[in-house]
Amino acid sequence: MALALPILLFVGHILWQFAHAERSRLEGDALTAARVIAADVDRELTGLRSALGVLVYSQSLQVGDLDAFHRQVTEANLRNGINVVLRTPDGQQVVNSRLPRGAALPRGSLPGDKATTELRRPVVSDLFTGAVSELPLFAITAPVMRNQEVVYLLSISGSVDRIQELTKQEGVPEGWTVAVVDRRGRILARNTRHKEFVGKPATRDLQENTNGPEGTWRGFTIDGQPVFGAYARSQLSDWRIAVGVRDTELAAPLTRSLGYLGGLGAGLALLSAALAWLFGRHITIPMEILAAQATALGRGEKVSPLNTSLREMAKVGDALAMASSGLRERERERDQAEAALRASEERFRFAFEAAGGVGSWDWDVVNDRVHASETFAKLFGVDQQRAVKGIPLSDFVAGIHPEDRSAVGAEIERALANGADLAAEYRVVGQDGLTRWIAARGRCYLDQTGKPLRFPGIAIDVTDRKRTEEALAASERRLQAILETVPVGIIIADAPTGRVIGGNAQVERIFGHPALPSEDLEDYRDWMGFHPDGRRVQPIEYPMSRVLRGEEERSELEILYQRGDGRRAWLRLMGAPIRDEAGRIIAGVVACLDVDREKRAEEALRSLNATLEQRIAEAIAERERVEAQLRQAQKMEAVGRLTGGVAHDFNNLLTVITGNLDMLRRKVENTGDPRLVRNVDNAVEGARRAAQLTHRLLAFSRQSPLQPEIVDLNKIASGMSELLRRTIGETIAIETVLAGGLWRTEVDPNQLESAILNLAVNARDAMPEGGKLTLETANAYLDEAYSASTAGEVKPGQYVMVSMSDTGSGMTPEVQAKVFEPFFTTKPVGKGTGLGLAQVYGFARQSGGHAAIYSEPGQGTTVKLYFPRVTRTAAEDVPVGEELSGKQAARMAGQTILVVEDEVMVRDFSVSVLEEVGYRVLAAGDAAKALELIEANREEIDLLLTDVVLTGSMDGRKVAEAALRIRPDLKVLFTTGYTRNAIIHHGRLDDGVQLITKPFSAGSLVERVGRMLEEGQG
């Protein structure tokens, strides 16, 4: 018994170590199973990702031929459960390998789309439900780039049943649970009860204890049973592969060992005494062998069965041998999995090689050895045999184009630092010395400490694509230059949706706004087109809609379009389809022509033809009216010239007559004969009336000199109210209507008062039975139409108006046509001269204004005078001294005056008058004589009195200029009876000019000369 107890204790220790080793083995097997399945998942995803990379760079997809791309993916004989979907960035499917081309496709996003777009590299999604298959799926999504922009998202999706097959590894003991959990904690696949748990969240224990790259934990199953768990992560998807072993299975070896120990103890207790002497000698060696085998088993070495005659020892030895065999089997399975992985990678490498221009590499970062395919080595100009065996990375870097080398190096460093994907396009120089473009895609894998381990990837020769892109870009630039140059608007839309995808700059010029971003044919209602009858153009009526639907090969439509600025213009739209090689419509183009000018010209021509006869008659009537106005103007101008010339001669005669009568009257007054005085007075009155008549003739001919001032017509009109009442009598009521805020004008106030008085007298004569007279002022604007109606007599602009209206007998149109002519009158003989309205008309025209008359028989008459508005203010009035009396003038005696006058009688009269009051007078009949006298008496002459119109080559103005050069301070006084000369322009005196008009009296001549000489002395 004493011998049996140590044996029992030793066997118990051996059995405990065996049970503990078995439990450790089972836990290790669980972690190994998790790693193997994670590797299988990565291998599956790597294959799908590699296939996805080949599809991304397929020629049909790069050039945008979606029909060819659909044929490529449907004819590829993809494995069961694999589907290829091409979507736009907004989620709209455009190609689905499950459905025929042209079928309606759904819109939707996948988990990972945002990360794919932002990172611009392939991303493995979590679990989702397919929009078409409605099955639980997973997917790998890669961006399709063009001009550095994401134009499509290409996805390869697979059924989770494929992942579930990977969980059913050979050698996973029955009763163990294998689950694949995505990043969001949802079960993606299980080896048992798969369909029941797919999509459900994993247990809380699993989610909280599986945050690292791999490990073990203890927790509970969904039904509350304790479990041991081991997990590993997929490096490509970051999914967790969890293997669960119930505690009862882990404790089974210990339970069996305890049973064996109990039985052995009982047997030993019974047989210890009998067999002590028999086993004492033979038991030590087998026990030592068992201990050695247990230690070897812990190291993972192979253990052979124990050859002993002791059956219990043999069973323990057999158990150790079975455990060793199991471990060797696990190692064999692991080696097979790694071999399968290498075979899979080799198959994909062969697939890349068969695809043409696709090479692969696998960089062992730790040992700096790059194992590359022959195609990859050829692209970089590296020896192909060496590349297959493995060479340093620097050998491949040397093949990168020098201009791209630094940028590629920076991308590699970034991937090594962060374990990120590499996605780069750069140039390489091959063995033939030619430069080619490649697109490289790879990913760096890190160990648990974050150090880079492996860096596999693929490289695709994209030289042809690059050349195609460059040629396409050049072609697009040429096409864009043509589109921007032609004077035609071009709009292009995609088929079959009708989405507007472009338009040239002429579109905005023609439509008044840029091309509208219509998403489909229904959005064409946003274009504001109208038929000629005013109906709105419907979306299906536009040429773009017709050609995209295949209704017409060439479609045209003329519309009235409401432009962006609100104006409507005629446009001609011409549409045509764009077809591919197979004849399918892939887009549509519409040319837009601005035909508004032509259409409106056609409309104007039609209107012109329709009203031609009427307009010819109107043109003839207008021509006759203008000719009549021209004849009237020519007649008035001729009469004005005639009357001006006659008045000039009359003024010279009247100057002599009135001057001599004035001198005669002073002499007759001393005789005391009243009859003789009365006769002289009658003669003076006759001369005064004759002078008044010539004044009116000059006013009509616009040759009467004016002295305009800036005046307020309201003040002049209100100041004349009392004078008008005394003039027209008590039987006529007078009303004065004065405008508020009346503008200023520049006129001769004396001539204006005379004109108003003339109009009032004419109005009085038209109302013999009494009536009403209205004097009114107002601001007025005469536009271009009014100016045209006067044949250009008045210019458009702002005017100040004064009008005189009566309630008299009125006038017929025939009388109105002649009312402003001189000597025309409707009054009885002896009642009027016919010069009153002629003087008013001449004064208005000479002042730069206009006179108009409005009258109807029995309705009265209105005469309106328009004077131009001035904006400057009136200057301060210069006070004029009181008229010089004869005695005051006499005090100026002794001063010398030079009289220059070619009319002998006028010259003699002027000399006599001035000598009579005491002046020393020199006289000259022409310019030459005058200049001689000035040279001879330059210091004595105080004032030059000269007629403006002189015979000979020099007029009075030139004589004055020559005299002033000799004697700058010489006073000059001009005389004239005719203003068409050098000192009066537009009826107004030049600045600084002093003038006395003919005929003048002796008193007025003496007074004017005396004032000028007195001002010179002051």
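Scroll up to find the structure this text is about.
Rules and cut-offs
Per chain, the residues get numbers from 1 upward, laid out in the order the sequence is written. Only residues with pLDDT of at least 70 get local features here, since the model is predicted, and only at 80 or more are side-chain atom pairs given and counted; chain-wide, interface and lining totals rely on the full set of residues. As a rule here, side-chain values come from all non-hydrogen atoms in the structure, and water together with hydrogens is ignored. By convention in these notes, a salt bridge is any Lys or Arg side-chain nitrogen within 4 Å of a carboxyl oxygen on Asp or Glu. To qualify as a helix, a DSSP run of H or I must reach at least 4 residues; to qualify as a strand, a run of E must reach at least 2; elements of each kind are numbered from the N terminus. Buried, partly exposed and exposed residues are distinguished by accessible area as a fraction of the type maximum, computed with a 1.4 Å probe on protein chains only: under 20%, between the cut-offs, and over 50%, respectively. Any pair of Phe, Tyr and Trp rings, taking the six-membered ring for Trp, is counted once the centres come within 6.5 Å. Such a pair is stacked with planes under 30 degrees apart, edge-to-face with planes over 60 apart, and tilted for the rest. As a reminder, the over-ring test applies to NZ of lysine and CZ of arginine, requiring each to be within 6 Å of the ring centre and within 35 degrees of the ring normal. Strand pairing is assigned whenever DSSP identifies at least 2 bridges connecting the two strands. Axes here mean lines fitted to C-alpha atoms, for a helix over just the part in contact, with angles spanning 0 to 180 degrees between N-to-C directions.

Undergrad: What's the story with the pattern of salt bridges in this structure? I'm lost.
TA: All told, the structure shown has 44 salt bridges when counted by the stated rule. The partner of Arg 49 in a salt bridge is Asp 421, and the shortest N-O contact between them spans 3.2 Å. Of this pair, Arg 49 sits in helix α1 (residues 4–56) while Asp 421 sits in strand β14 (residues 421–429), and the two are 372 residues apart along the sequence. There is no split in this pair, since Arg 49 and Asp 421 are both buried. Of the charged contacts in the structure, one is a salt bridge between Glu 553 and Arg 579, with a shortest N-O distance of 3.0 Å.

Undergrad: Help me out: how do you make sense of the packing of aromatic side chains in this one?
TA: Here the distance between the centres and the angle between the planes together describe a pair of aromatic rings. Evaluation of the coordinates by the stated rule reveals 13 aromatic pairs. Judged by centre distance (5.4 Å) and plane angle (35 degrees), the ring pair of Trp 361 and Phe 376 falls under tilted. Residue Trp 361 is found in strand β12 (residues 358–364), and its partner Phe 376 is found in helix α11 (residues 374–380); the two are separated by 15 residues along the sequence. Judged by relative accessible area, Trp 361 falls into the buried class, the value being 10%. By relative accessible area, which is 5% here, Phe 376 ends up buried. Ring centres of Phe 511 and Trp 527 lie 5.3 Å apart, and the angle between their planes is 75 degrees; on these two criteria the pair is classed as edge-to-face. On the criterion of sequence distance, the pair formed by Phe 511 in helix α16 (residues 505–511) and Trp 527 in the loop between α16 and β20 (529–530) is long-range, its members being 16 residues apart. Across the pair, Trp 527 and Phe 511 agree in class, each one buried. Between the NZ or CZ atom of Lys 200 and the centre of the ring of Phe 197, over which it lies, the distance is 5.7 Å.

Undergrad: Before we go on, may I ask you to explain the sheet that holds strand β11 (residues 240–246) in this structure?
TA: Working definition: the strands of a sheet are paired by backbone hydrogen bonds and lie parallel or antiparallel to each other. Spatially, 5 strands are ordered β8-β7-β11-β10-β9 in an open sheet, and the strand pairing comes out antiparallel. Strands at the two margins of the open sheet, each flanked by one partner only, are β8 (187–190) and β9 (214–220). Within the sheet, the average angular offset between the axes of one strand and its neighbour, ignoring direction, is 25 degrees. Alignment of strand β10 (residues 226–233) against β11, held across 7 bridges, turns out to be antiparallel. What sits directly across from Val 227, in β11, is Arg 246.

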